[in-house]
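# Notes for the structure review
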Amino acid sequence: MIINNYSRRFRFKKSSSQVIAFLVACVVSHFYAFSEAFWMPLATITVLSVPVGAILRKSLVRAVSFLGLVVITSFVFKLFPSAWLAFLLLLVLMVLAFYRDLLYLFLGFSVVLTFLYPLSTDIHLYRRVYDITLGALIGFILFFIFPFRPDVEFRNRVIPLIQVYVDMLDYFYQHLFNESKSNKPDLNLRERMADIFVSPNYFFPNWVYQSGFSLTLQPGHRHFLLMMERLAEVFSSLSNIGRHNFREETLKLMQAPLQNYLNECRAILRALSQVLSLKKLEEPVSDLRETLIQVEKTIYEILPSFEVSNLHPDFYPLMNLLETAKDLRITLLNLGNALQTSAIRHSSS
Amino acid sequence: MSEAKQALHFALVASIVFVASLWKGSFFLMWCGLTAFLLLNLKIQTSFFKDPLYILSVGLGLIFTLLLVFWLKFNVFLCVGIIATIFFGLLLLGYRNSIYLFPAYYFILFSVSNLTQTRSTLLKEIPAVGSALGIVVLYRVLTHFSSVASKFRQQFKSYLRALDDLQKSFFQIYINWDYLENSYSYEKKLHEKKLVLLTSEYRLRELIQHLPVTLRSSYTIKLESLITLSNQVISLGALRYRIRDFSMLEVCEEELKKATKLLSNNIKRVIKDLPPYTEQQELHSFDMLYEHTLQIVSNDPAVYLLFIECIKMTLSQLVQVHSAINKAVS
């Protein structure tokens, strides 16, 4: 619920900032534009259409690129008013727009406009530069009036993934000890994970990895995201372990220590979710050391001697389970550390 | 779709637009070209029917935008107000579902650039935009005309290629041994490879949704076998955070190179509908190396043993994938 509400708020804020900037640019252009009426609003929209998190740097790059291309193409098309050249340049920019950035879309548009509206006088170019600069300035001013909090946005986008991980832990346990289990992976959980990472409505804050993201926030956020992805890998391993048909004796012996261990892992994930939601922790969480030792002890009771253990039918899955449980512990503890050292926990909503 | 392939699509459409504009002049060429490239930039949907419909609706929306701006021009503030309202609505939709984001920007670009248009320019622009729309829709229908089963096969091959890239990236870490010094740059590359894999999986799932109900279960079985394979490949990456001393990997550098080559060759065979090799001679030397060296000198021999076992499991899962795919097709 928190995510849906915040997401609506975020969408509303980002859309309204762009529209207000556009309106301001149109009004200013109507009264103060010296060249064609569209340059100022176009420059404003170009500057504002940046992803979350890398705002100032990327906007500056966009403004400079837009201005630079308009100046160069205005000169070129005045000297060589060739439709073929303009068309070729447009083609190249549009191909780049498909693979790189929305910026190339705006640059392509500007090429068409500079060709169709050639310079009439030399002073015309200075007027265009003035209008574009003013439009970009309007965009920058709106960034300060409607600031975005990438740290807050980050926190709220990570929480749904934590919930998926809690469900994956539950699924793994039920799948392992369920009598009527199947060998199939849980497509539903996998689908939820894939949805968060890559769907058109995706929540995963990939923009943390982009250049230009806040240098203060980047190390902590990046480390946290890396650990979240590592958790996804650990759960993939657990999913494969769960497919193995363990012997009944093995399952009976493993059930209690594994259940305790997974319960504590679940508690840590819930605690992470609470901290990210800026709530107080309901109860203290353990460092998983004791329960992991119990799991390890049980596994070595089932596999008494390492040298001859590979004759045991459950040898590889049990060793894999032990190593994966260790990976899970280290990753969860690293996530907790990332919260302590980064700015995530300390920023307020 | 590969970058080269998409660039080729752009080049072909550009040629068609160029030929269509030969007797129409530069104004027609620029607007027709611009509209055609904007429509080609719309990300491809997975359904044969949805894709041209999506392009058609965006194209008609652009024509409507031209007309709207022309009709409202008499009152600049009213015109700008209505444009801003529509832009706001489209942006809200676009930030909810990114397939609407590009059309939102197309709308604002078209409306802003036509604020100074006259009746004569409108009469020249609409045919140019309309022609571009017709060219792109027809082009998409002709070039993407294939059955869902055929699309599934193409996507399944993309998935396997993504898996191959991912396993190569993992082994690159083990062969280079500088993971601890450059962990961030390696993790960034792995993140990108995993995103490609998950995107491919997402598309496969969408394709299954568009299948007739009678076929869905058999294609779901194919997807399940692929996901199990991907879990196995992802498990190959676990070694990088289990070992502390990467210099130990120098001992098994040759075996690692052989293992990744074996995996890659087998994946490529499955992509070409050939059965993977069942012989695993290349892994025999890895087993011997473990028995005689790694087991003795490493601090935690179990992780190497599990790594070798993981490679074997991946190879056997490839056999399962190959039989699952062929069973479903027949």
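Residues numbered from 1 in each chain as written. Chains lettered and ligands numbered in written order. Predicted model: local features only at pLDDT ≥ 70, side-chain atom pairs only at ≥ 80, totals over all residues. Heavy atoms only, no water.

## A closer look at the overall build of chain B
The test is simple: Strands here are runs of E lasting at least two residues and helices are runs of H or I lasting at least four, both read from the DSSP assignment and numbered beginning at the N terminus. Every radius of gyration here is taken over C-alpha atoms, with the globule rule written as 2.2 Å times N^0.38, N being the number of residues. Only protein chains enter the calculation, and the probe is 1.4 Å; a residue is then buried if its accessible area is under 20% of its type maximum, exposed if over 50%, and partly exposed in between. A 1.4 Å probe and the Shrake-Rupley method give the accessible areas. Residues count as covered only by the protein chains that appear here. None of His or the chain ends enter the tally, which takes Lys and Arg as positive and Asp and Glu as negative. Lysine's charge is taken at NZ, arginine's at CZ, aspartate's at CG and glutamate's at CD.
When helices and strands are counted, chain B shows 13 helices and 0 strands. Ordering the α and β elements of chain B from the N terminus gives α-α-α-α-α-α-α-α-α-α-α-α-α. Expected size for 330 residues packed as a compact globule is a radius of gyration near 20 Å; at 27 Å, chain B overshoots this value by more than 25%. Each of the three principal axes of chain B carries a C-alpha extent, and together these read 85 × 50 × 35 Å. Here chain B holds 330 residues, and the buried ones make up 53% of them. By element, 62% of the accessible surface of chain B is carried by carbon and sulfur atoms, the whole surface being about 14,300 Å². With 33 positive and 24 negative side-chain charges, chain B shows a separation of 15 Å between the mean positions of the two kinds.

## A closer look at the state of the cysteines
The criterion, for reference: Cysteine sulfur atoms that come within 2.5 Å of each other are treated as a disulfide pair.
In the structure shown here, the tally under the stated rule is 0 disulfides over all chains. Cysteine C26 of chain A shares no disulfide, and the gap to the nearest cysteine sulfur, in C79 of chain B, comes to 8.6 Å. Take C26 of chain A: its relative accessible area is 8%, and that puts it in the buried class.

## Examining the side chain of E125 of chain B
Stated precisely, the cut-off is as follows: Just to be clear on terms, a salt bridge is a Lys or Arg side-chain nitrogen sitting within 4 Å of an Asp or Glu carboxyl oxygen.
Position of E125 of chain B relative to the elements: it lies in helix α6 (residues 119–143). Summary of buried charges: E125 of chain B has no salt-bridge partner, and the nearest side chain of opposite charge, K124 of chain B, is 9.0 Å away.

## With respect to the nonpolar core
Convention followed: In this description, a nonpolar core means a group of buried Ala, Val, Leu, Ile, Met, Phe, Trp, Tyr and Cys residues linked to one another through side-chain atoms lying within 4.5 Å. Throughout, a residue-residue contact means that at least one pair of heavy atoms, one from each residue, lies within 4.5 Å.
In this structure, Y165 of chain A together with F171 and I311 of chain B are the most contacted members of the largest nonpolar core, which totals 115 residues. Discounting chain neighbours no more than four positions away, the residues touching I311 of chain B are F171, L236, A259, L263, L283 and F286 of chain B.

## Some thoughts on the side chain of S59 of chain A
Looking at the secondary structure, you find S59 of chain A in helix α3 (residues 55–79). Setting aside its immediate chain neighbours within four residues, S59 of chain A contacts V47, V50, F140 and F143 of chain A.

## Overview of the confidence of the model for chain A
All names here are of chain A. Stated formally: Within a predicted model, pLDDT stands for the predictor's per-residue confidence, ranging from 0 to 100.
Averaged over every residue, the pLDDT of chain A is 80; the share at 70 or more is 81%. Long-range and interchain partners of residues 1–6, a stretch whose pLDDT sits below 50, account for 8 contacts in this model, where long-range means more than four residues apart. A low-confidence stretch, residues 343–349 stays under pLDDT 50, and its non-local contacts, those more than four residues away or across chains, total 23 contacts.

## Considerations on the packing of aromatic side chains
We apply this condition: In this analysis, rings of Phe, Tyr and Trp, with Trp reduced to its six-membered ring, are considered paired at centre separations within 6.5 Å, and the interplanar angle assigns stacked below 30 degrees, edge-to-face beyond 60, and tilted for intermediate values. Placement of a positive charge over a ring is assigned whenever Lys NZ or Arg CZ falls within 6 Å of the ring centre and within 35 degrees of the normal to the ring plane.
For the coordinates displayed, the defined rule picks out 28 aromatic pairs over all chains. Here the aromatic residues W84 and F87 of chain A together with F10, F18 and F37 of chain B are joined through ring pairs into a cluster of three or more. Between K124 of chain B and the ring centre of F27 of chain B, over which it is positioned, the NZ or CZ distance is 5.0 Å. A cation over an aromatic ring shows up here: R269 of chain B above the ring of Y277 of chain B, its NZ or CZ 4.3 Å from the ring centre.

## Details of the interface of chain A and chain B
Stated formally: Put simply, buried area is the surface a 1.4 Å probe can reach on two separate parts but cannot reach once they are joined, added for both. Within 3.5 Å is the distance limit for a polar contact, defined as a pair of N or O atoms, with the added protein rule that one can donate a hydrogen and the other accept it, and that residues adjacent in sequence qualify only through two side-chain atoms.
Counting residues at the interface gives 75 residues for chain A and 81 residues for chain B. Summing the contributions of chain A and of chain B, the shared interface buries around 7,500 Å²; its carbon and sulfur component is 71%. In terms of surface lost to chain B, no three residues of chain A exceed F87, F98 and R190 of chain A, which account for 10% of the buried area on that side. Joining chain A to chain B, the criterion identifies 5 salt bridges. Across the pair E233 of chain A and K194 of chain B runs a salt bridge, and its minimum N-O distance is 2.6 Å. The interface formed by chain A and chain B contains 12 residue pairs in polar contact (both at pLDDT 80 or more).

## Notes on the packing of helix α2 (residues 26–40) of chain B against α6 of chain B
How two helices sit against one another is set out by the angle between their axes and by the gap between those axes. Residue and element names in this part refer to chain B. So the rule is basically this: Each axis is a line fitted through C-alpha atoms, and for a helix only the stretch in contact is used; angles between axes span 0 to 180 degrees, taken between their N-to-C directions. In what follows, roughly perpendicular refers to angles from 65 to 115 degrees, roughly parallel to angles under 35, roughly antiparallel to angles over 145, and oblique to any angle outside these ranges. Left-handed describes a crossing whose near helix is turned anticlockwise from the far helix through less than a right angle; right-handed describes the clockwise counterpart.
Two elements in contact, α2 and α6, have axes separated by 8 Å at closest approach and are oriented at 40 degrees. Here α2 is positioned oblique relative to α6, judged by the angle of their axes. Classified by chirality, the crossing of α6 by α2 is right-handed. Here F27, F28, W31, C32, T35, A36, L39 and L40 of α2 lie close against α6, whose contacting residues are T121, K124, E125, P127, A128, V129, S131, A132, L133, I135, V136 and R140.

## Examining the packing of helix α2 (residues 39–48) of chain A against helix α6 (residues 122–145) of chain A
Residues and elements named next belong to chain A. Definition in use: Amino acids are sorted into nonpolar (Ala, Val, Leu, Ile, Met, Phe, Trp, Tyr, Cys and Pro), charged (Asp, Glu, Lys and Arg) and polar (every other residue, Gly among them).
As a packed pair, α2 and α6 sit with axes 7 Å apart at the nearest point and diverge in direction by 40 degrees. With respect to each other, α2 and α6 are oriented oblique. Where α2 crosses over α6, the two elements pack in a sense that is right-handed. In this structure, α2 contributes W39, M40, A43, T44, V47 and L48 to the contact, and α6 contributes R128, D131, I132, L134, G135, A136, I138, G139, F140 and F143. In the contact of α2 with α6, the residues fall into 11 nonpolar, 3 polar and 2 charged.

## What to know about unusual backbone geometry
The phi torsion at L288 of chain A lies on the positive side, around 65 degrees, for a residue other than glycine. Here L288 of chain A lies in the loop between α10 (248–276) and α11 (289–302). A residue is classified by how much of its surface remains accessible, and L288 of chain A, at 0% relative accessible area, is buried. Unusually for a residue other than glycine, D273 of chain B sits at a positive phi of about 65 degrees.

## Quick notes on helix α11 (residues 253–271) of chain B
Rules: In this scheme, a helix's expected span is set at 1.5 Å multiplied by one less than its residue total.
Taking 1.5 Å per residue as the helical rise, α11 of chain B with its 19 residues ought to reach 27 Å, and the 27 Å between its terminal C-alpha atoms agrees with that figure. D273 of chain B sits one or two positions beyond α11 of chain B and adopts a positive phi of about 65 degrees.

## Examining a nonpolar patch on the surface
Threshold: Each patch is built from residues lacking any salt bridge and having more than 30% relative accessible area; the joining distance is 9 Å for like charges and 5 Å for nonpolar side chains (Val, Leu, Ile, Met, Phe, Trp, Tyr).
Residues V27, F31, Y32, F34 and Y130 of chain A together with V76 and F77 of chain B make up a contiguous nonpolar surface patch of about 730 Å² in total accessible area. Those elements giving two or more residues to the nonpolar patch turn out to be α1 (2–32) of chain A together with α4 (76–96) of chain B. For the nonpolar patch, the element with the most residues is α1 of chain A, which contributes 3 residues. Relative to the helices and strands, F77 of chain B resides in helix α4. By relative accessible area, which is 47% here, F77 of chain B ends up partly exposed.

## Quick word on the pattern of salt bridges
Taken as a whole and judged by the stated rule, the model has 17 salt bridges over all chains. A salt bridge links K326 of chain A to E323 of chain A, with the shortest nitrogen-to-oxygen separation between them at 3.6 Å. Taken together, the residues span about one helical turn, with K326 of chain A and E323 of chain A both in helix α13 (residues 315–341) at a distance of 3 residues. Put simply, E229, R230 and E233 of chain A together with E187, K194 and R240 of chain B are held in one network by salt bridges that share partners.

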